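Structural overview for review
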Amino acid sequence: MNRFSTLGNRFFVLYASFLLICLCSCGNKSNSQSNDTVSVAQPTSPIFCEDSAYTYVATQCSFGPRTMNSKAHEQCAQWLVNKFEQFGANVSVQEAESHLYDGTPITMKNIIAVFNDSCEGRIQISSHWDSRPWADNDDNQSYHNTPIDGANDGASGVGVLLEIARQIQLKNPEIGVELICWDAEDSGDHGSENENSWCLGSQYWATNHSVNGFRYLFGILLDMVGGKDSYFRKEQISMYYAPGVVDNVWSTAQKLGYGKYFLNENGNPITDDHIQVNKSGIPCIDIIGSNHDGSSFPDTWHTMNDNIQNIDKNVLNAVGQTLMEIIWQI
Ligand code: AHN
Ligand code: ZN
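First, a word on what this report is: a plain description of the structure on this page. Throughout this document, residue positions are counted from 1 along each chain, in the order its sequence is written. Written order determines the labels here, with chains lettered from A and ligands numbered from 1. A pLDDT threshold of at least 70 governs which residues receive local features in this predicted model, and a stricter bar of 80 or more applies before side-chain atom pairs are shown or counted, although totals over entire chains, interfaces and linings include all residues. Excluded from the side-chain calculation are hydrogens and water; included are all heavy atoms of the structure.

1. Concerning the overall build of the chain
Summing up its helical and strand segments, the chain has 9 helices and 8 strands in all. A total of 330 residues make up the chain; the buried ones form 56% of that total. Contacts were defined at the residue level, with two residues in contact if any of their heavy atoms lie within 4.5 Å. Considering only intrachain contacts with a sequence separation of at least 6, the fraction spanning at least 24 residues in the chain is 78%. Accessible surface area values rest on a Shrake-Rupley calculation with a 1.4 Å probe, where residue burial reflects the displayed protein chains alone. For the chain, the accessible surface area stands at approximately 14000 Å², while carbon and sulfur atoms represent 49% of it. The helix and strand labels rest on DSSP assignments: H or I over at least four residues marks a helix, E over at least two residues marks a strand, and numbering proceeds from the N terminus. Partly exposed describes any residue whose relative accessible area lies between the buried limit of under 20% and the exposed limit of over 50%, with all areas from a 1.4 Å probe on protein chains only and scaled to the type maximum.

2. Quick look at the site of ligand 1
The criterion for a residue being near a molecule or strand is simple. One of its heavy atoms has to lie within 4 Å of it. In the region of ligand 1, the neighbouring residues are Asp153, Glu185, Asp186, His190, Trp198, Asp223, Met224, Ile270, Thr271, Trp301 and His302. The term polar contact refers here to a pair of N or O atoms within 3.5 Å; inside protein, the definition further demands a hydrogen-donor-capable atom paired with an acceptor-capable atom, and it admits residues adjacent in sequence only when both atoms are side-chain atoms. A distance of 3.1 Å is found between a nitrogen atom of ligand 1 and a side-chain nitrogen or oxygen belonging to Asp153. With respect to ligand 1, the side chain of Glu185 contributes an N or O atom lying 3.2 Å from a nitrogen atom. Against a free-state accessible area of 320 Å², the protein chains account for coverage of 91% of ligand 1. Looking at the shell around ligand 1 residue by residue, the class counts come to 4 nonpolar, 3 polar and 4 charged. We call Asp, Glu, Lys and Arg charged. Ala, Val, Leu, Ile, Met, Phe, Trp, Tyr, Cys and Pro are nonpolar, and the rest, Gly among them, are polar.

Following this line, the structure appears as structure tokens:
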């Protein structure tokens, strides 16, 4: 057998197993993640369903912008609690009063869903669920005080968490998994030196939670994980506190064929909820979207264009399936 036909056989085996997995998964998945099909490994974890995650993103947006103190915020909170309970999680809502940097009093709700809470080892995966009350990065100045849908900035990460919860109910990974939806992340002040105006929900959690009968292994924060034309670079605070987790996530993503999105490049340090988790002694990384050349966040960031039209299921899938693989490989 010459070298060419050996390769051909290998192609066939890979192609056949790829087809088989596609048939078993939700819908037909074509691998648009990579042109290099030969080097793509199939997940050993259950198949993440991006259509399902997308629907969860759309439903959150359908309430309207989930800004602090709004009706949409209250309705979405209730919906999230119901969903996580429906998926069999042990759900608690951490409620607290606080103030935005402009003095507005707010009631925050961190929504916490735990699976396998009697397991000794636990991983935490989180994302903020509130949306920014001001489209202050929009080209059109007249929108600078208008709330945004936050389809990418907020709903995308939570959509991924919900789909993971649904998958855990279908097949138990036999490890503690804590899914947290942080509140009041995105009402921060761009003009201020005070970084504390961001991430109010996780700041509260950092000083108000207890660890009884289990131990955190690591944390992963998701922020803007579903936008069109988004790329993930190695965020610098994550690299400082949890370089091993970054390496594991990026190499897992690349192994699964998502190297188009998970780049081997350093990103900027970002003020985000993972800082609070790290301050609590849990090594935590931030998977956060950036634009094509890494000069900024995705183009829709804090604009009126951060809506469901600009969500890309392939990006949700790259992040979601990578996380599934991380969870089920432990
Ligand atoms: C700052 O812009 C300082 N932090 C970005 C955190 C953030 C806002 N993530 C999403 N929206
Ligand atoms: Zn934001």
